[in-house]
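# Observations on the model geometry
Listed here are the chains, written in short residue letters.
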Amino acid sequence: MKKAAVYIRVGNAAQLSADRQREELHAKFGDTHEIVAEYQDTGPGSSSLKKLLEDAAQGKFDVLLCTDITRLARRLSPEVVTALRDAGVRVMTANRGEVQDADLLTQTVITQSAKTYSEWMSDRIKQGIRASKNAASRKRPTPKK
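First things first, this report covers the structure right here in the doc. (Residues numbered from 1 in each chain as written. Predicted model: local features only at pLDDT ≥ 70, side-chain atom pairs only at ≥ 80, totals over all residues. Heavy atoms only, no water.)

## Observations regarding the nonpolar core
Soluble globular proteins: nonpolar side chains tend toward being buried together. Using the following cut-off: Throughout, nonpolar core names a set of buried Ala, Val, Leu, Ile, Met, Phe, Trp, Tyr and Cys residues whose side chains join them through atoms within 4.5 Å. Partly exposed residues are those whose accessible area sits between 20% and 50% of the maximum for their type, while under 20% is buried and over 50% is exposed, using a 1.4 Å probe and protein chains only. The secondary structure listing takes helices from DSSP runs of H or I that are at least 4 residues long and strands from runs of E that are at least 2 residues long, numbered from the N terminus.
In terms of nonpolar packing, the biggest core is built from 19 residues, with L52, F61, L64 and L84 touching the most fellow members. Contributing elements (two or more residues each) for this core: β1 (2-9), β2 (33-41), α2 (49-57), β3 (63-66), α3 (69-73) and α4 (78-86). One finds V10, A18, L25 and F29 within the second-largest nonpolar core, a separate group that totals 11 residues.

## Some details on the pattern of salt bridges
Close approach of charged atoms allows side chains of opposite charge to pair. Stated formally: Basic side-chain nitrogens of Lys or Arg form a salt bridge, by our definition, when they fall within 4 Å of a carboxyl oxygen of Asp or Glu.
Taken as a whole, this structure holds 6 salt bridges when the rule is applied. Its salt-bridge partner being K51, residue D55 comes within 3.0 Å of it at the nearest N-O pair. Taken together, the residues span about one helical turn, with D55 and K51 both in helix α2 at a distance of 4 residues. Look at D55 and you get buried, because its relative accessible area is 6%. K51 gets classed as partly exposed once you look at its relative accessible area, which sits at 42%. A salt bridge links E98 to R90; the shortest N-O distance between them is 3.2 Å. Judged by its relative accessible area of 37%, E98 falls in the partly exposed class. Linked through salt bridges whose partners overlap, the residues forming this network are D19, R22 and E38.

The structure is reproduced here in structure tokens:
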């Protein structure tokens, strides 16, 4: 039986709860993998990735399990993919099975592109709001005394 670690990420209440992700992974992989560790990220400031990579490098598990590649995607970088590969850790998802390195790298690029686009759009919207406020303040008549 392969030793496995579970990775759970919960970003907000609308996403799959940690308990639901855990239950899904145990139901899917519990008969074929010995789950020896769990790593959970619960928000933007939370990251168990460092510990996960340390444990992977020490050979504490052979397989990293997550419900969907998007659960892991925000933590992916080429360095993380390389570290997992160098440690001999395979990534498996409940919905797609084993995920290849190329798929992990592709997801990394997609996620980074989406993040960059989102930041760009946010900046554009803020610029538009400031411009609108400035234009409105110039149009206001000054009160007469």
